[in-house]
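Chain by chain, the residues run as shown.
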Amino acid sequence: MAVEIEMRARFDKDTHDALVERLVRNGEDLGQDNKLIHFFVLPDQLLKVTDNQSAGTAKITLKDSRIGQGAAFGETEFAIAKEDVAKAVQLFGALGFEDTRHEAFNFRRNFRFGGVEIAVKWSEAWGYHAEFEVLLPDAATDAARDEAAAQILDTAAELGIAVMSEQELAAFTAEFEAREAERKAAAQNAEIR
C-alpha cells in the first residue's frame, strides 16, 4: 500500500489550455493517459476498475477514503488483464456494489512539475479539471504528508491554479451522486413502463 496525497482543481477550457501549454514548456510531459473508469462509491472508500485505453492496460484500485474526506489516503492497486475489465465490473456488481457504480471516460494528459504529478483532464462529470498528486510510502510520517501537501499547494499556486477545499470537493461529489441517483431512478422508471 502507498499513501497518496491528492488535491483537485476545476477550471474553464482557457485555463485548461494555458495549463497544458505551460506544462509542455516547463514540465515533464508523461503523455496521454485516457481512461474509462468504473467507480464504486462506497460509504468510506472508493473502488475503481480502470481501463487505461492509452496504455492498453487495466487495474483495480481501492482508496481507503473518498473525495472530500481529506487529501491523504491509503491506496491499494493491482494490474489486471485489459480483457478482464468487464468481468471485474460484473464481479463487483454481483457482490452488491452495482447501485454504487458510476462510469466515466476521462481525456487525460499527465505531467510532472515541481516534483508533483499533474493529470490535466476532462470528463463529463467534472468538466476541465486537474489532479495534483504526490505518492508516499505507507510508513510516511505526518510531517512527510504535510510537506507533500504543501508541495502540491506551492506547485498549484506557481501554475496559477486554485485547488478545491475539502468542503468544496465534498459538496461537488455529493451533488454529482444525487444527480446520478436521480438519473438511475428515472432510467429504472422508464424500464418499468
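Keep in mind that what you see is a predicted model, and the values were worked out from it rather than measured. (Residues numbered from 1 in each chain as written. Predicted model: local features only at pLDDT ≥ 70, side-chain atom pairs only at ≥ 80, totals over all residues. Heavy atoms only, no water.)

**A word on the environment of Ala178**
Put simply, the test is: A run of DSSP states H or I qualifies as a helix once it reaches four residues; a run of E qualifies as a strand once it reaches two. Both are numbered from the N-terminal end. For the exposure calls, accessible area comes from a 1.4 Å probe over protein chains only, and a residue counts as buried if that area is under 20% of its type's maximum, exposed if over 50%, partly exposed in between.
Relative to the elements of secondary structure, Ala178 occurs in helix H4 (residues 166-192). Take Ala178: its relative accessible area is 38%, and that puts it in the partly exposed class. Here the alpha-carbon distance between Ala178 and Thr50, two residues 128 residues apart in the chain, equals 23 Å.

**Details of the packing of aromatic side chains**
In plain terms, the rule: Stacked, edge-to-face and tilted are the three classes for Phe, Tyr and Trp ring pairs, Trp counted by its six-membered ring, which pair at centre distances within 6.5 Å; planes under 30 degrees apart are stacked, over 60 edge-to-face, the rest tilted. The criterion for a charge sitting over a ring is simple: Lys NZ or Arg CZ within 6 Å of the ring centre, and within 35 degrees of the ring normal.
For the structure shown, the criterion picks out four aromatic pairs. Pairing Phe40 with Phe92 gives two aromatic rings, centres 5.6 Å apart and planes at 65 degrees, and the pair type is edge-to-face. Of this pair, Phe40 sits in strand S3 (residues 35-41) while Phe92 is found in helix H2 (residues 85-97), placing the two residues 52 residues apart along the sequence. With respect to class, Phe40 is no different from Phe92; both count as buried. The ring of Trp126 has Arg8 sitting right over it, with the charged end atom 5.1 Å from the ring centre.

**Considerations on the pattern of salt bridges**
Here is the rule we go by: In the sections that follow, a salt bridge refers to a side-chain nitrogen of Lys or Arg positioned within 4 Å of a carboxyl oxygen of Asp or Glu.
As enumerated under the stated definition, the model contains 19 salt bridges in all. With its nearest N and O atoms 3.6 Å apart, the salt bridge here joins Glu6 to Lys63. One end of the pair, Glu6, is in strand S1 (residues 2-11); the other, Lys63, is in strand S5 (residues 57-63), and 57 residues separate them in sequence. Judged by its relative accessible area of 6%, Lys63 is buried. Across the pair Arg8 and Glu131 runs a salt bridge whose closest N-O atoms are separated by 2.9 Å. Placement of the pair is Arg8 in strand S1 and Glu131 in strand S9 (residues 127-137), with a sequence separation of 123 residues. A relative accessible area of 8% places Arg8 in the buried class. We classify Glu131 as buried; its relative accessible area is 9%. It is possible to trace a salt-bridge network through shared partners that takes in Glu4, Glu6, Arg8, Lys63, Glu75, Lys121 and Glu131.

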